[in-house]
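# Descriptive structure summary
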Amino acid sequence: MAVVTGLIHLYLWKRLIRDTTRPGRGRRVGGLVMLALAVLVPATLVGTRSGVTWLAWPGYIWLAVMFYLLVILAVLELPLLPVRIALRRRSRRPAPRPEPRPEPALVGATEPVASSPADPEPARPGVTDPAERTAAIDPSVPPPATPPAGPAPDHDPQRRLLLARGAAIFAGLTAAGLTGYGVRTALAPPRLDRVQIPLAKLPRSMDGFRIATVSDIHLGPLNGRARTERIVAMINQLDADVVAVVGDLVDGTVGELGPAAAPLRDLRSRHGAFFVTGNHEYYSGAEEWIDELGRLGLRVLQNERLEIAARGGVLDLAGVNDVTGASAGPGSGPDYARALGGRDPGRPVVLMAHQPVQAHEAARHGVDLQLSGHTHGGQIVPFNYLVRLQQPVVSGLGTVDGTQVYVTNGAGFWGPPVRVGAPPQVSLVELRSA
């Protein structure tokens, strides 16, 4: 991360500092500022996990601005490249040579003028300029000044400077504007996404069964108890049959964030609230959080399944651990056979799994619907295009190997408190009988 961050800041220094300033104090100061910002990013990533919370706001805001500066300047490289090449070629073009001046003709002269006997020495042949003739005859008279030889003045360096400054100003204003908009969106209340999903095996009596789905709250240095209270109040207004919290609740230990998570005890639904681990739980002490959430009234589904009997029908609700759990020790990773094996194939099964990529394995076990998070919907456009390289579904409803997958954007954010193109979200999934 430090190497990548260093290379990015080297590029930003070149485009924003070196190309827009002349050598001198201003360029040196700009270079020192860029160096400090390069150090700030890894310091924030490490420091916030070590309890140095004051780094969070400046460090993560600059991380978002840095990302947008990089993207915008990289995009500008394409249209600016031919302009830079043209200016460079023009600056290398040799200056035109001055044309020789015609020799002035002597009015009325038809024959060469003979030297006067009084002249100390005859005039030099071919010298017609009076000043040059005088200097040739009298050595005490200085020769006329001649203009210095060399190329004509070229203004291309100034044009290149103006071009670089224009690109830097445009990139800076755009990055700042997008980041400001993203901060406002990220800190705003989550939006409600209502989606109806047909399940072929769902009994008609259970048509309209509602699952309030939330993920990626990411309680931490920038998201606290007030955020949890707002999300709980929003879910309670939905009058859901089940609440599904699909991972990445916290970015810190129970000791640090226990009070921030406490409002979860007020979650209300007809058949309970359930939780599965995300990757960030394994960075924050998963076992402690599993115990804490149980104390708050949430049932943690660790590679297990239970029956939800409602409205005269039965639905299987299963949950598997996040794939990151495999590195936490034996039995901590996802176990699909344990969670999904030996069930009645005539019943619909809804699987809670943090990452959409887990749907490939879920499809092999005949899962009808998987509820996931993890992607944040991309969180910051155009980062969502990179997420697609790892996850089969980034946001909303999709299909993976015949299994339906619904991915919620998440109600919080990770890292920068910025969301562009992917607002925070709480989802109400309504199951319909086909």
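Because the structure is a prediction, the values reported are computed rather than measured.

What counts as what
Residues numbered from 1 in each chain as written. Predicted model: local features only at pLDDT ≥ 70, side-chain atom pairs only at ≥ 80, totals over all residues. Heavy atoms only, no water. Core = buried A, V, L, I, M, F, W, Y, C linked by side-chain atoms within 4.5 Å. Buried < 20%, exposed > 50% of the residue type's maximum accessible area, 1.4 Å probe, protein only. Helix = DSSP H or I, 4+ residues; strand = E, 2+ residues; numbered from the N terminus. Contact = heavy atoms within 4.5 Å. Pairing = 2+ DSSP bridges. Patch = residues over 30% accessible without salt bridge, like charges linked within 9 Å, V, L, I, M, F, W, Y side chains within 5 Å. Areas by Shrake-Rupley, 256 points an atom, 1.4 Å probe, with all protein chains shown as cover. Salt bridge = Lys/Arg side-chain N within 4 Å of Asp/Glu carboxyl O. Axes fitted to C-alpha atoms, helices over the stretch in contact; angles between N-to-C directions. Phe/Tyr/Trp six-rings, centres within 6.5 Å; stacked < 30°, edge-to-face > 60°. Lys NZ or Arg CZ within 6 Å of the ring centre and 35° of its normal.

## Some details on the nonpolar core
- In this structure, Leu12, Leu16, Trp62, Met66, Tyr68 and Leu69 are the most contacted members of the largest nonpolar core, which totals 34 residues.
- Counting only elements with at least two residues in this core, the list comes to helix 1 (2–18), helix 2 (25–47), helix 3 (56–92) and helix 5 (156–187).
- If you tally residues by element for this core, the top one is helix 3, at 14 residues.
- Counting residues in each nonpolar core, the second largest holds 31 residues, with Val214, Val245, Leu249 and Ala260 among its members.

## A closer look at the environment of Val232
- Mapped onto the fold, Val232 is located in helix 6 (residues 225–236).
- Residue Val232 is classed as buried on the basis of its relative accessible area of 5%.
- Along the backbone, Val232 and Leu267 are 35 residues apart, and their C-alpha atoms lie at a distance of 5.9 Å.
- Every residue in contact with Val232, bar those within four places of it in the chain, is listed here: Pro263, Leu264, Asp266 and Leu267.

## Brief notes about the sheet that holds strand 2 (residues 209–214)
- Strand order in the open sheet made by the six strands is 1-12-2-3-4-5, with mixed pairing throughout. Across the chains shown, the open sheet's two edge strands, defined by having one partner strand only, are strand 1 (191–199) and strand 5 (299–300).
- Sheet topology note: the strand 2/strand 3 (residues 242–245) ladder contains four bridges and is parallel. Across the sheet, the residue bridging to Ile211 is Val242, located in strand 3.

## Thoughts on a nonpolar patch on the surface
- A surface patch of nonpolar side chains, amounting to about 330 Å² of accessible area, comprises Val3, Leu7 and Leu10.
- One can find Leu10 in helix 1.

## Thoughts on the sheet that holds strand 11 (residues 403–407)
- What the six strands build is an open sheet, ordered 6-7-8-9-11-10; its pairing is mixed. Strands at the two margins of the open sheet, each flanked by one partner only, are strand 6 (304–310) and strand 10 (396–400). In this sheet, neighbouring strand axes are inclined to one another by 25° on average, regardless of whether the strands run parallel or antiparallel.
- Sheet topology note: the strand 6/strand 7 (residues 313–319) ladder contains seven bridges and is antiparallel. Within the sheet, the bridge partner assigned to Ile308 lies in strand 7 and is Leu315.

## Focus: the side chain of Thr44
- Take Thr44: it is sitting in helix 2.
- Each residue touching Thr44, except ones within four places of it in the same chain, is listed here: Leu55, Ala56, Gly59 and Tyr60.

## A word on the packing of aromatic side chains
- Inspection of the entire model under this criterion finds three aromatic pairs.
- Between Phe67 and Tyr68, the aromatic rings sit 5.4 Å apart at their centres with planes inclined by 65°, giving edge-to-face as the arrangement. By the burial criterion, Phe67 is buried, and Tyr68 matches it.
- Ring centres of Phe67 and Phe383 lie 6.3 Å apart, and the angle between their planes is 80°; on these two criteria the pair is classed as edge-to-face. Note that Phe67 is positioned in helix 3 and Phe383 in helix 11 (residues 383–387), a separation of 316 residues in sequence.
- Residue classification places Phe67 among the buried residues on the basis of a relative accessible area of 18%.
- Joined through ring pairs, the aromatic side chains of Phe67, Tyr68 and Phe383 make up one cluster.
- Over the ring of Tyr283 we find Arg49, and its NZ or CZ is 5.1 Å from the ring centre.

## Looking at unusual backbone geometry
- Of the consecutive residues Val381 and Pro382, the connecting peptide bond is found in the cis state with omega at 10°.
- Within the secondary structure, Pro382 is located in the loop between strand 9 (369–372) and helix 11.
- A positive phi is found at Asp248, a non-glycine position, where the angle reads about 55°.
- With respect to the secondary-structure elements, Asp248 resides in the loop between strand 3 and helix 7 (254–261).
- You can call Asp248 buried: its relative accessible area is 2%.
- Notably, His376 is not glycine yet its phi reads approximately 60°, a positive angle.
- Among the structural elements, His376 can be located in the loop between strand 9 and helix 11.

## What to know about the pattern of salt bridges
- In the structure shown here, the tally under the stated rule is 16 salt bridges.
- In this structure, the salt-bridge partner of Arg15 is Asp19, at a minimum N-O distance of 2.6 Å.
- Here Asp239 ties to Arg210 by a salt bridge, and the two come within 3.9 Å at their closest N and O atoms. Of this pair, Asp239 sits in the loop between helix 6 and strand 3 while Arg210 is found in strand 2, placing the two residues 29 residues apart along the sequence.
- What makes Arg210 partly exposed here is its relative accessible area of 21%.

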